[in-house]
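Here are the chains, one letter per residue:
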Amino acid sequence: MLNKSDNVYLNIDNLIQFDEALRSAVITAMKNKYLEMHTGSIWIDSKNLYCTKLGGKKKTSTTKEGLEKKIVEYYKSLALSFYEVMINQLQTNLQTKSIDIGTYDRYLVDYNRFVKNSTLEKVSVCEATETLIKSFLEKQISNGISRKNFNNLVSLLNVVYFYSDFNNINVSNIKKKMNLKPKQFDKSNKRETTDIVWTDEEQQKLLAYAEQCNDIKILGMVFMLQTGLAISELVQLHKEDINLEDRELTVKRIEKKYKIDGKTIYTVSEENSAKTEARLGTVYLSQKAIETYNKILKLSTAHKPDDLLFNGYHSYDFDTTLRRKVLKDLKLSKRGLHSFRKTYGTNLIDAKVPLSIVQKQMRHADIQTTLKFYYKRKSKKEDTLNLLDKIA
């Protein structure tokens, strides 16, 4: 008699070497074994539906065969591991475009980093409990995990335990009940550049440097500073995306990257892979931004409307130029490419531009995102002390 621990039992889909009669016999034996595992009653209700209970939940079907299929699938699922459910769910989400390949890749990284060989892998998904998951999360806190990584991990666990068909545990609710405080998260890996924006003096240095170098990548950085574009948007700009007559720039696509076997793969998304739909929109160009664009155009190989302005360059190329050349030559502290977008948002607010315009230019669905994450104080300590000294 076959049982669910037999290799042949778990790998029936790979039994292509069997002849059809033997394959059919194995499948029938498997089905009967699963049906034998179900000791609950089956009844027909007032609506003529076939009914039973699986895992404490009522299941129905219009036919006996349909209900038996649900019974078989349920008992098959009892042996499913975290990894099996995760891959199945992520592939479904990828096909339905609810996630992109970058998110898929991040989930796999988080699985290998936190879940693989953990207590969650030692029990089937159906047998996992809130107590088990909470204990696992508490261990991650004890081991030291950043808030961002913890939140990403909770999202991964929800993919398996809440959004799949094999359990109904809302891991976000477990996290809420844990009532975690900021001090419980590890901050040792927090990037030192997170809160850095370019001071007015540093911006002037960059502008002069770009004029001197006449390098298309450095001019691209200035353009980000003057438009608020993210690097993933800049490298996917086509010539036709800029309308000089109307002084408009439209973000239509975003560079996405992920890794396969350690190799970085670049793709382009023209859909809603942006964090919000507002990110794929139109902004107005200042006169200074137009001047920078014209300088870029002279160095660009773009001739046709659908040509890339920065053809041949990816975000990595700009990051390398910023770290190894620009910051080094200007003798400035470490910062990333996103500092240009944050500086643009800060410049707008410091200039007392109406928040409704700031929100449109930053392409944020909520102005609070700009105020909370993108507005950073540019003034130096000396400037602050001078202001304070003027107060009576």
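All residue numbers refer to position in the chain's written sequence, counted from 1. It should be noted that, the model being predicted, local features are given only for residues of pLDDT at least 70 and side-chain atom pairs only at 80 or more, the latter also being counted only at that level, while totals for whole chains, interfaces and linings use all residues. Calculation of side-chain values draws on the structure's entire complement of heavy atoms; hydrogens and water are dropped beforehand.

Student: Give me the lowdown on the overall build of the protein chain, citing residues and values where you can.
Tutor: Labels follow the DSSP assignment, with helices taken as runs of H or I lasting at least four residues and strands as runs of E lasting at least two, numbered in each case from the N terminus. Looking only at helices and strands, the protein chain features 17 helices and 8 strands. Any residue under 20% of the maximum accessible area for its type is buried, any over 50% is exposed, and the rest in between are partly exposed; the area is computed with a 1.4 Å probe on protein chains only. Evaluated residue by residue, the protein chain yields a buried proportion of 41% over its 392 residues. Taking as baseline every contact in the protein chain between residues at least 6 positions apart, the subset at least 24 positions apart corresponds to 60%. Using a 1.4 Å probe, the Shrake-Rupley method yields the accessible areas, and only the shown protein chains count as cover for residues. Only carbon and sulfur atoms are counted for the fraction: they give 49% of the accessible area of the protein chain, which is about 23100 Å². Only heavy atoms matter for contacts: two residues are in contact if any of them lie within 4.5 Å across the pair.

Student: Talk me through unusual backbone geometry; I want residue IDs and the actual numbers.
Tutor: For N179, which is not a glycine, the phi torsion comes out positive at approximately 50 degrees. Following the sequence through the fold, N179 ends up in the loop between α8 (171-178) and α9 (200-213).

Student: So what's going on with the side chain of T52? Residues and values would help.
Tutor: Positionally, T52 belongs in strand β2 (residues 50-54). The exposure class assigned to T52 is buried, which follows from its relative accessible area of 0%. Among the polar contacts made by the side chain of T52, one reaches the side chain of H38 at a distance of 2.7 Å. Leaving out residues up to four positions away in the same chain, T52 has contacts with H38, G40, S41, I42, W43, K57, K58, K59, L67 and I71. Counting of polar contacts relies on pairs of N or O atoms within 3.5 Å, with two restrictions inside protein: one atom must be capable of donating a hydrogen and the other of accepting it, and residues adjacent in sequence are counted only when both atoms are side-chain atoms.

Student: So what's going on with the packing of aromatic side chains? Which residues, and what values?
Tutor: Here a pair means two rings of Phe, Tyr or Trp (six-membered ring of Trp) with centres within 6.5 Å. Their orientation is stacked below 30 degrees between planes, edge-to-face above 60, and tilted elsewhere. The final tally for this structure, using the stated rule, is 9 aromatic pairs. The interplanar angle of 50 degrees and the centroid separation of 5.2 Å between the aromatic rings of Y83 and Y111 together place this pair among those described as tilted. Residue Y83 is located in helix α4 (residues 82-95), and its partner Y111 is located in helix α5 (residues 101-115); the two are separated by 28 residues in the primary sequence. When the centroid spacing of 5.6 Å and the interplanar angle of 65 degrees are considered together, the rings of F150 and F185 count as edge-to-face. Of this pair, F150 sits in helix α7 (residues 147-161) while F185 is found in the loop between α8 and α9, placing the two residues 35 residues apart along the sequence. Since its relative accessible area comes to 8%, F185 is described here as buried. Chaining the aromatic ring pairs together yields one cluster made of F82, Y83, Y111 and Y161. One residue, R106, lies across the ring of Y107, its end atom 4.8 Å from the ring centre. The side chain of R335 reaches across the aromatic face of W198, ending 4.7 Å from its centre. Only when the NZ of Lys or the CZ of Arg is both within 6 Å of the ring centre and within 35 degrees of the ring normal is a charge said to sit over the ring.

Student: Pulling in residues and values, what's your account of the sheet that holds strand β3 (residues 57-61)?
Tutor: Any two strands with at least two DSSP bridges between them are considered paired. Strand order in this open sheet of 3 strands is β1-β2-β3, and the pairing throughout is antiparallel. The open sheet has two free edges, formed respectively by β1 (43-44) and β3, since each of these has just one partner strand. Of the pairings in the sheet, the one linking β2 to β3 comprises 5 bridges and is antiparallel in character. Each bridged residue has a counterpart across the sheet, and for Y50 the counterpart in β3 is S61.

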